[in-house]
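A structural walkthrough
So you can see what is in the structure, the chains are spelled out below.
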Amino acid sequence: ANSNGSFSVRKSIDGKQICFACSVSSERKAKQLGKEVERLASQCAGADDIFRKLKPKAKALSIQLVEQRNGPACNYSANSNGSFSVRKSIDGKQICFACSVSSERKAKQLGKEVERLASQCAGADDIFRKLKPKAKALSIQLVEQRNGPACNYSANSNGSF
């Protein structure tokens, strides 16, 4: 479950964590879509093929699939409330750098900077440190980093978690 009570459908494909749907309103619907993703993954030749064949099931469940992006700013996605999140898979872990970004333009710019830094930095901590000036210039609050057994949650800019 996501921090707002919604659900996401994700699958690791070719070493990359792919989000097929974010902010699914019910666990039942997320499980149904997840089962379809698993079924298609065994038959399809990659994420693009899965997305294409998943559309009818998503439509039947009234679930909006994540918009696929390619290129240097493919690491952001729209949230159900109209804001955007910027994430990157690093060392097999999905790292959220910013949630509740107010505009797609800002999310895209921050996403490009994350990609640029990822090619130069030694891990997520280094990226977070070097990303602060760009985030400040865009008026984006980065996710607070946590370590330990309860490190898989983050504070949103509106005070929720």
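Now for a quick tour of the structure. (Residues numbered from 1 in each chain as written. Predicted model: local features only at pLDDT ≥ 70, side-chain atom pairs only at ≥ 80, totals over all residues. Heavy atoms only, no water.)

Here helix 1 (residues 27-41) crosses helix 2 (residues 47-60) at 145°, and the two axes come no closer than 10 Å. Considering the relative orientation of helix 1 and helix 2, their crossing is right-handed. Counted together, Gln-32, Leu-33, Glu-36, Val-37, Leu-40 and Ala-41 of helix 1 and Ile-50, Lys-53, Leu-54, Lys-57 and Ala-58 of helix 2 form the full contact between these two elements. (Axes fitted to C-alpha atoms, helices over the stretch in contact; angles between N-to-C directions. Helix = DSSP H or I, 4+ residues; strand = E, 2+ residues; numbered from the N terminus. Left-handed = near helix turned anticlockwise from the far one by under 90°. Contact = heavy atoms within 4.5 Å.)

Now for the environment of Ile-13. Looking at the element boundaries, Ile-13 is found in strand 1 (residues 7-13). Its relative accessible area of 12% is what places Ile-13 among the buried residues. Sequence separation of Ile-13 and Gly-46 is 33 residues, and the distance between their C-alpha atoms is 7.1 Å. If near-sequence neighbours (up to four positions away) are discounted, Ile-13 is found in contact with Ile-18, Phe-20, Ala-47 and Ile-50. (Buried < 20%, exposed > 50% of the residue type's maximum accessible area, 1.4 Å probe, protein only.)

What follows is about helix 4 (residues 124-137). Given a rise of 1.5 Å per residue, 14 residues ought to cover 20 Å, and the 20 Å separating the end C-alpha atoms of helix 4 matches this to within 8%. Taking the largest bend as the criterion, helix 4 deviates by roughly 45°, centred on Leu-131, and proline Pro-133 comes between one and four positions later. Regarding helix 4, the residues found buried are Ala-124, Asp-126, Ile-127, Phe-128, Leu-131 and Ala-135. Of the surrounding elements, those touching the buried residues of helix 4 are strand 4 (84-90), strand 5 (93-101) and helix 3 (104-118). Directly after helix 4, the chain includes Ser-139, whose backbone phi takes a positive value near 60°. (Expected span 1.5 Å × (residues − 1). Bend = angle between axes of the 7 residues up to and from the residue.)

In terms of burial, strand 4 is largely enclosed, as five of its seven residues are buried. As judged from the three bridges shared by strand 3 (residues 76-78) and strand 4, these two strands associate in the antiparallel manner. By the bridge assignment for strand 4, Ala-78 is matched with Phe-84. The sheet contact formed by strand 4 and strand 5 spans six bridges and is antiparallel. Bridge pairing links Ile-90 to Lys-93 in strand 5. The antiparallel pairing of strand 4 with strand 5 creates a hairpin that spans two residues between the two strands, and Asp-91 there sits at a positive phi of about 50°. (Pairing = 2+ DSSP bridges.)

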